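Coordinate analysis (summary)
Next come the chains, spelled out residue by residue.
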Amino acid sequence: MDLEDNAMGLTLEQTDKILQFQDLTGIEDMSICRDVLQRHQWDLEVAIQEQLNIREGRPSVFATEARAPPVVHDHIAQQVFTDEQPEGPGGVRGLLRYVVNLVVSMCYNTISSVLNLLLSFVRHDERRLVTDPLGDVMGFINNYTSRFNAHPVFYQGTYAQALNDAKNELKFLIVYLHSESAAETQNFCRTTLADPEVIQYINTHALFWGCSVDSSEGWRVAQSVGGRRYPLLCVVCLREHRMTVVARNEGACSPLQLLQRLRRVVTDNEPHLAAARADRVEREVTARLRAAQDEAYAESLAADQEKERRKAAAREAVAQREHEDLQRRQQEERHKQQLVEARAAMASRLPVEPAPGAGTVALLIRLPGGERLTRRFTLTHTTQDLYDFVFSHPQAPEEFEITTNFPKRVVARGVANLQEVGLKDRDVLFVNDTNA
């Protein structure tokens, strides 16, 4: 089971659910179990409920499509069974008789279809108007069950739903068309369809759908499958990607004959369903592989996009820093230029240095960088004049205060003159950078 699981791409949890589903439903084919679970997103409870619905004849929760898939008729490969026994010897005459019967059957079907089409234009048949297909089916099932006790489990849904379920589940669909006017119908229902072995075989291998040709739904299906003699059983299955009528049993037959015919039809057509299951598995594996590749590609693409996004973000951050540095340098250059211009303007506005003499003081000013400045002021000059002189020097700080040496005190900027603040000739002053 491990190699098969790996080929199907199943996880251990999915494999465990398949085994549980198989134990609870009794379905031996692992592929069918897997298909049912996959269609229900591996919800074990919903899948089991659907299988119980099918066994009880109710439409599965998966049968929601309103339109039936097209059904084709391969008149060459289709097996037709009747209760008529072959007459005369076989050999060339038998082969000739078979060919003649085949040609006559095909001609009959063609002429019958053309005549029915022509007659439909000149006469009105109320059965052509299908207004309640589900009601037709349920009415037939209730009537049949009340008259005949034992029978295979009828699919309680429309012909379209039954076809869709058979196609999705890759099962055989046996279509039973009932006619009250056919003389063989009563005996066929009481004996052949009531036989336990027939019931067991049909319930195990196929979906069983039935309806009366006297109803609109049954008449429409009868026209579709080309029935000529009733009771009529048709076997439909997926063959070469199309739902195909692979066999018809026309008229009554014994339970043994019906079992032999159904087994022959199932044996001949099971390879087609097996091929369809294998093809479905291959498509699912391919789709899963493609999805994994797409996911890997998406992850790789996302990683590349994230890497490119980070590179772009890094480039943008570098560019932003460079822009900010450039702006800061430009601002510093503008500020320096403005400071130079302000110093020059201040120097041009300074009062002329007075000559030595009474009423003047010579002050020694030391800048933070060690430079020494000497300047004479009159005692009537203000401390603002002192600050303006220091500021006009290129080496002076932009923001500063001036202090005396001993005792240490701050010479405040203002309108007070130098005499009022106590400055004397030859005093030493210190310039302190307030932004340092």
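Residues numbered from 1 in each chain as written. Predicted model: local features only at pLDDT ≥ 70, side-chain atom pairs only at ≥ 80, totals over all residues. Heavy atoms only, no water.

This is how it is decided: UniProt positions are given in the numbering used here, feature names are shortened, and annotations may be inferred rather than shown by experiment.
As annotated in an unreviewed UniProt entry, the chain carries the name FAS-associated factor 2 and is attributed to Papilio xuthus. Quoted verbatim from the Subcellular location (unreviewed entry) field of UniProt, the annotation for the chain is "Cytoplasm".

1. With respect to the overall build of the chain
Which entries qualify depends on this criterion: Under the scheme used here, helices are H or I runs from DSSP no shorter than 4 residues and strands are E runs no shorter than 2 residues, and both carry numbers assigned from the N terminus. Under the scheme applied here, a residue whose accessible area is under 20% of the maximum for its type counts as buried, over 50% as exposed, and between as partly exposed, the area being computed with a 1.4 Å probe on protein chains only. Working rule for contacts: check all heavy atoms of both residues, and any pair within 4.5 Å makes them a contact.
Looking only at helices and strands, the chain features 12 helices and 11 strands. Burial status across the chain gives 39% buried among its 436 residues. A fraction of 69% describes how many contacts in the chain between residues 6 or more apart in sequence connect residues 24 or more apart.

2. Here we look at unusual backbone geometry
Following Tyr230, the chain continues into Pro231 via a peptide bond in cis, with omega recorded as 0 degrees. A cis amide bond links Phe406 with the next residue in sequence, Pro407, at an omega value of -10 degrees. Position of Pro407 among the secondary structure elements: in the loop between strand S9 (400-404) and strand S10 (410-411). Positive phi, normally seen in glycine, also occurs at Leu170, with a value near 55 degrees. Tracing the backbone shows Leu170 in the loop between helix H7 (159-169) and strand S3 (172-178).

3. Focus: the UniProt feature "coiled-coil region" (unreviewed entry) in the chain
Here the UniProt-annotated "coiled-coil region" (unreviewed entry) positions come out as residues 302-329. Helix makes up 100% of residues 302-329 and strand 0%, with an end-to-end C-alpha separation of 40 Å.

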